[in-house]
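# A look at the structure
The residues making up each chain are set out below.
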Amino acid sequence: MRSLLRSAGLSLLLGWLLVASLVVRASAAEPAPGSFTGKGFDACTAPTSAAMDAWLASPYRAVGVYIGGNNRACTQPQLTASWVAHQQATGWHLLPIYLGLQAPCTTSNKKHLIDPVQAATQGRAEADAAVVAAGALGLPPGSILIFDMEAYAADNPPCTATVLTFLGAWTARLHDRGYFSAVYGSLASTVRDLVEDYHSTRRPRPDYLYFARYDGIADTTNPAIPISSWSGHRRIHQYRGGHNETYAGVTINIDNDYVDIRPLPRPSFNDFNGNGWTDLLAREAGSGDVYLYPGNGTNLGGRSKIAGRWTDAFAITRWGDFDGDRRDDLIVRTNTTGELWLYPGTGAGLATRVRLATGWNSRWETTAVGDLTADGNPDLVARDQASGFLYLYPGRGRSLGTRVSLGPDWNTMSELTGIGDLTGDRRPDLLARHTGSGTLYLYPGNGSGLGPRISLGGGWSNYRNLVGVGDFDRNGYPDLMAVGSSTGNLYLFAGRKDGLQSRIILSHGTWGGRSPLF
């Protein structure tokens, strides 16, 4: 009898544990929509959970829902955190849509419009409101929030400028809050203007594009959108407008969508403030003050001071998390004493420094290069000025291991920088410029050192302060920034496999008094 009771009690306990685990799983919403390629639909009002369960018999597995906005037309009695959790638990990929302020020259019947004078402010405010709405539904950072910008006049340049300013502010603010940005619109207005603005550095572009073209074709290509724009699983196509469809006896009025979405690759280093986008740090040459310039995927935002009077810092370098606390750190060599210091990052500033070594006055081109030894710790390289040998100093968290020679003749090289994995083999690489010829070389990491170098071309004597900034645009390849030696322009060289793309000007003539960049 006791054994039977124990057995029954154990079965009851296991049953309760199973139910509890399912409840926890259902209540913990995941970033939306996650990874999905296939058919979806959107409906003005979120269907009931019973209807959604019935539509598991349909060919659709993505659903667009209107989470907020003062131009949202339909009430949402079903749209709650528990509804979201239930749909995700049953396999639906959610597309959160926010129908907020519209273009001043809208051709829709929407009443609430953007004020051209307040476009940037309103774009940020709408992003904050969308984040609140997403949070209320349990949709966490990492989710994609879609702004629905309905059609507007195509021949009104001031109106176009207002829309682009508004949407740029929307995107930048979502990035600040840890969310991704998408924009929905028609090919004739919203999409046309976003395509023309794609390479602008005046504002960040949306991370994903959701375009309306009722051609009945379930794909994400269109001649009006260049293949290189929003490539790599960053598109949704609304290919048919409102109509009724019925599955398992349940009829819903829907638009048809084809979805091809993947989460953007998260940068592995140089995200100092921890918001998912890599940043740039720089020292003012005169004052020695160090500033953080937050990245937004397209350009840099307003700076904030994180350290002052670093006039004695001879070398400053950065490679993500050196001490293992998941925050970016700095490594600094002082000029007068030759001491090497680790400054742990806090996400907003720097903590108390830790001395790594002494006697580094003879080491030049001190460069954080990533985990070159494949032991889980980022490493340093530095050149011995007398011999010209380049040495690898294995990282040990808050100390350095015994150095290993990487070879002679490095006195001919300058502008060393850890670029990240440019070759696509999951090992960090090194860039260095041949001082005499101006040729830039890629030195692939091989797990214990550096492999044979690859030329990336000449003309690099025209640049200084080359610095790897991680995957700035989150396309899967690390990027490089540099300052024009004669112009003071700040340039971005986006990465591609085994090389760099053509330069993009981020700032005109304002970086002449900043050095180094790190």
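From a predicted model like this one, the values you see are computed outputs, not experimental measurements.

### Quick word on the pairing of strand β7 (residues 234-247)
In this structure, strand β6 (residues 208-212) lies alongside β7, joined through four bridges in parallel fashion. Each bridged residue has a counterpart across the sheet, and for L209 the counterpart in β7 is R235. With eleven bridges connecting them, β7 and strand β8 (residues 250-261) associate as antiparallel partners. Each bridged residue has a counterpart across the sheet, and for H243 the counterpart in β8 is I254. Connecting the antiparallel pair β7 and β8 is a turn made up of two residues, with A248 showing a positive phi of about 50°.

### Section: the side chain of N71
Mapped onto the secondary structure, N71 falls in the loop between β2 (62-68) and α3 (81-89). By relative accessible area, N71 is classed as buried at 6%. Setting aside residues no more than four positions away along its own chain, N71 makes contact with L99, G100, L101, Q102, K110, K111 and H112.

### Side note on the sheet that holds strand β23 (residues 454-455)
Spatial ordering of the open sheet is given by β20-β21-β22-β23, a layout of four strands whose pairing is antiparallel. Looking at the sheet topology across the chains shown, the edges are occupied by β20 (413-420) and β23. Pairing geometry for strand β21 (residues 429-434) and strand β22 (residues 440-443), over four bridges, is antiparallel. Counted as the bridge partner of A432 is Y441 from β22.

### Here's the deal with the state of the cysteines
In total, this model carries two disulfides according to the counting rule given. Take the cysteines of the protein that form disulfides and number them in order along the sequence; they join up as 1-2, 3-4.

### Some thoughts on the sheet that holds strand β28 (residues 514-517)
Judged by pairing direction, the sheet is antiparallel, and its four strands sit side by side in the order β11-β10-β9-β28 without closing on themselves. For this open sheet the edge positions go to β11 (304-307) and β28, each flanked by a neighbour on one side alone. This sheet shows a mean twist of 40° between the axes of neighbouring strands, independent of strand direction. Taken together, the three bridges between strand β10 (residues 290-293) and β11 define a ladder with antiparallel strand orientation. In the sheet register, L292 faces β11, and the bridge partner there is S304.

### Topic: the UniProt feature "domain: Rv2525c-like glycoside hydrolase-like" (unreviewed entry) in the protein
Per the UniProt record, the feature "domain: Rv2525c-like glycoside hydrolase-like" (unreviewed entry) sits at residues 53-259. The span residues 53-259 is 27% helical and 26% strand by assignment, and the distance between its end C-alpha atoms comes to 20 Å.

### Points about the domain arrangement of the protein
Domain annotation for the protein reports domain 1 (36-261) and domain 2 (280-517). Centre-to-centre, using C-alpha coordinates, domain 1 lies 39 Å away from domain 2. If you look at the interface, domain 1 gives eight residues, while domain 2 gives nine residues. Both faces combined, the contact of domain 1 with domain 2 buries some 680 Å², and carbon together with sulfur accounts for 47% of it. There are zero salt bridges connecting domain 1 and domain 2. Seen at the junction of domain 1 and domain 2, the total is five residue pairs in polar contact (both at pLDDT 80 or more). Along the lines of polarity and charge, the residues of the side of domain 1 that touches domain 2 split into two nonpolar, three polar and three charged.

### Considering the packing of aromatic side chains
This model, assessed by the stated rule, comprises 26 aromatic pairs. Plain terms: the ring middles of W460 and F493 are 4.7 Å apart, the flat faces sit at 45° to each other, and that makes the pair tilted. Residue W460 is located in the loop between β23 and β24 (463-470), and its partner F493 is located in strand β26 (residues 490-496); the two are separated by 33 residues in the primary sequence. W460 sits in the buried class, given a relative accessible area of 7%. Residue classification places F493 among the buried positions, given a relative accessible area of 5%. Taken together, F41, W55, Y60, W92 and Y247 form an aromatic cluster joined through their ring pairs. Sitting above the plane of the Y291 ring, R303 keeps its charged end 3.7 Å from the centroid. Here the guanidinium or amino end of R363 rests over the ring plane of W360, the centre of that ring lying 5.4 Å away.

### Examining the pairing of β8
Each regular strand carries side chains that alternate between the two faces of the sheet. Direction of pairing for strand β1 (residues 36-42) relative to β8: antiparallel, over a ladder of seven bridges. Pairing of D42 across the sheet is with D255, part of β8.

### Structural notes on the nonpolar core
Formed by 55 residues in total, the largest nonpolar core has its most connected members in F41, L145 and M149. Among the elements that line this core, the one with the most residues is helix α5 (residues 157-176), at seven residues. Beyond its immediate sequence surroundings of up to four residues, M149 is in contact with L101, Q102, A103, I114, V163, F166, L167, Y184, G185 and T190. If you look at the next biggest cluster of nonpolar residues, it comprises 19 residues, including F36, Y66, L99 and I144.

### Re α3
Buried within α3 we find W83, V84, A85, Q87 and Q88. Positive phi shows up at G91, right after α3, with a value of about 105°.

### What about the pattern of salt bridges?
Applying the stated criterion across every chain yields a total of 15 salt bridges. Its salt-bridge partner being E339, residue R355 comes within 2.7 Å of it at the nearest N-O pair. Remark: E339 occurs in the loop between β13 (330-334) and β14 (340-343) and R355 occurs in strand β15 (residues 354-357); sequence separation between them is 16 residues. Between D375 and R396 there is a salt bridge whose closest N-O contact spans 3.2 Å. Of this pair, D375 sits in the loop between β16 (363-370) and β17 (379-384) while R396 sits in the loop between β18 (390-393) and β19 (404-407), and the two are 21 residues apart along the sequence. Within the structure, one salt-bridge network assembled from shared partners comprises D128, R173, D176 and R177.

### Focus: the environment of P344
Mapped onto the elements, P344 comes out in the loop between β14 and β15. Among the residues examined, P344 registers a relative accessible area of 3% and is labelled buried. The sequence separation of P344 and D325 amounts to 19 residues, and the corresponding C-alpha distance is 8.7 Å.

### Let's talk about the environment of V131
Structurally, V131 can be placed in helix α4 (residues 119-136). Here V131 falls in the buried class, since its relative accessible area comes to 7%. Considered as a pair, V131 and L280 are 149 residues apart in the sequence and their alpha carbons are 26 Å apart. Not counting the four nearest positions on each side in its chain, V131 is found in contact with L145, L174, R177 and Y179.

Definitions and limits used
- Residues numbered from 1 in each chain as written.
- Predicted model: local features only at pLDDT ≥ 70, side-chain atom pairs only at ≥ 80, totals over all residues.
- Heavy atoms only, no water.
- Pairing = 2+ DSSP bridges.
- Helix = DSSP H or I, 4+ residues; strand = E, 2+ residues; numbered from the N terminus.
- Buried < 20%, exposed > 50% of the residue type's maximum accessible area, 1.4 Å probe, protein only.
- Contact = heavy atoms within 4.5 Å.
- Disulfide = S-S within 2.5 Å.
- Axes fitted to C-alpha atoms, helices over the stretch in contact; angles between N-to-C directions.
- UniProt positions renumbered as here; feature names shortened; annotations may be inferred.
- Domains from an automatic or database assignment.
- Buried area = accessible area lost by both parts, 1.4 Å probe.
- Salt bridge = Lys/Arg side-chain N within 4 Å of Asp/Glu carboxyl O.
- Polar contact = N/O pair within 3.5 Å; in protein donor to acceptor, adjacent residues only side chain to side chain.
- Nonpolar A, V, L, I, M, F, W, Y, C, P; charged D, E, K, R; others polar.
- Phe/Tyr/Trp six-rings, centres within 6.5 Å; stacked < 30°, edge-to-face > 60°.
- Lys NZ or Arg CZ within 6 Å of the ring centre and 35° of its normal.
- Core = buried A, V, L, I, M, F, W, Y, C linked by side-chain atoms within 4.5 Å.

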